[in-house]
Amino acid sequence: MTTDPDCIFCRIVAGEIPSFKLLEDDRVLAFMDINPANEGHCLVIPKAHAPDLFGADDDSLAAVATACRRVADAVRRTLDPPGISLTQANGPAAGQSVLHLHFHVIPRREDDNLLFNWEPKPGDMDAIGKLAERIRAHLEQHPSGFVAVR
Ligand code: 5GP
Ligand code: ZN
C-alpha cells in the first residue's frame, strides 16, 4: 500500500499519531477531526496515500464513499442534526491543508454560518473522545462488514 512517512494522515493510519477512530477496514479509516468546524465533525480517508481525488484508485474511492455514508448515518443517529455536509477539497486554493485525500462529514444547523473554508480552531479533546464513543455505538449497530474501532 502506498504510504508517505511525512504525511500526517498516513501517520494516523500507521498509529504513530493518536486519533479518535470510528471505523476501519483494509482500505478505509474514519476518525474525529480535532479542530471541528461543528460538533461531530469527522474525517473519512483511504488508507493508501493519495494527495487528492485525482490520485486515488477507484477501489479506495468506492470504499471511502461507502464509509462516508455509514459514518454520516451514525453521526445523524448520535446528534440528530438538521443537516449534514460532506465536503472534500483538492488543492490549497480549495482550502486543502492536508495533502492526503479526505472527506469531511460535518453536522449542520440552519444558522451555523459555516463558510467553506472555515478557520480551524482546536477542539475539546475530552468532548471529542466522548462523542466518538457515542458515534461508534451507532456504527456497531449497523448490519455491515465494518467494525467500529478504538
Ligand atoms: P483540509 O483543510 O485539508 O480540507 O482538512 C484537513 C482537516 O484535518 C482539518 O479539518 C484539520 O482539523 C484536520 N486535522 C489536521 N491535523 C489533524 C490531526 O492530527 N488529527 C486529526 N484528527 N485531524 C487533523
Ligand atoms: Zn498520506
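Let us look at the structure shown here. (Residues numbered from 1 in each chain as written. Chains lettered and ligands numbered in written order. Predicted model: local features only at pLDDT ≥ 70, side-chain atom pairs only at ≥ 80, totals over all residues. Heavy atoms only, no water.)

## Notes on unusual backbone geometry
Consideration 1: Of the consecutive residues Phe116 and Asn117, the connecting peptide bond is found in the cis state with omega at -10°.
Consideration 2: In this structure, Asn113 is a non-glycine residue whose phi angle is positive, near 50°.
Consideration 3: Topologically, Asn113 is positioned in the loop between strand 5 (103-108) and helix 3 (125-140).
Consideration 4: Residue class for Asn113 comes out exposed when judged on its relative accessible area of 67%. (Helix = DSSP H or I, 4+ residues; strand = E, 2+ residues; numbered from the N terminus. Buried < 20%, exposed > 50% of the residue type's maximum accessible area, 1.4 Å probe, protein only.)

## Observations concerning the environment of Leu43
Consideration 1: With respect to the helices and strands, Leu43 occurs in strand 3 (residues 42-46).
Consideration 2: Under the relative-accessibility criterion, Leu43 is labelled buried at 4%.
Consideration 3: Between the alpha carbons of Leu43 and Asp126 there is a distance of 18 Å; along the sequence they are 83 residues apart.

## Considering the pairing of strand 3
In the case of a regular strand, side chains alternate between the two sheet surfaces.
Consideration 1: Most of strand 3 sits inside the fold, with five of its five residues counted as buried.
Consideration 2: Covered by surrounding structure in strand 3 are Cys42, Val44 and Pro46 together with Leu43 and Ile45, the residues of both alternating faces.
Consideration 3: The pairing of strand 3 with strand 5 spans three bridges and is classified as antiparallel. Note on strand 5: the bridge partner recorded for Leu43 is His104. (Pairing = 2+ DSSP bridges.)

## Examining the side chain of Thr78
Consideration 1: Mapped onto the elements, Thr78 comes out in helix 2 (residues 58-79).
Consideration 2: Residues contacting Thr78, with those up to four places away along its chain left out, are Leu131, Arg134, Ile135 and His138. (Contact = heavy atoms within 4.5 Å.)

## What to know about the site of ligand 1
Consideration 1: Ligand 1 sits among 15 residues. The nearest are Met32, Asp33, Asn35, Ser97 and His104.
Consideration 2: Note that an oxygen atom of ligand 1 is positioned 2.8 Å from one of the side-chain N or O atoms of Asn35.
Consideration 3: Here Ser97 contributes a backbone N or O atom positioned 2.6 Å from an oxygen atom of ligand 1.
Consideration 4: Relative to its free-state accessible area of 520 Å², ligand 1 is covered by the protein chains to the extent of 89%.
Consideration 5: If you list the elements that add at least two residues to the shell around ligand 1, you get helix 1 (8-13) and strand 2 (28-32).
Consideration 6: No other element matches the three residues that helix 1 contributes to the shell around ligand 1.
Consideration 7: Taken together, the residues of the shell around ligand 1 sort by class into eight nonpolar, six polar and one charged. (Near = heavy atom within 4 Å. Polar contact = N/O pair within 3.5 Å; in protein donor to acceptor, adjacent residues only side chain to side chain. Areas by Shrake-Rupley, 256 points an atom, 1.4 Å probe, with all protein chains shown as cover. Nonpolar A, V, L, I, M, F, W, Y, C, P; charged D, E, K, R; others polar.)

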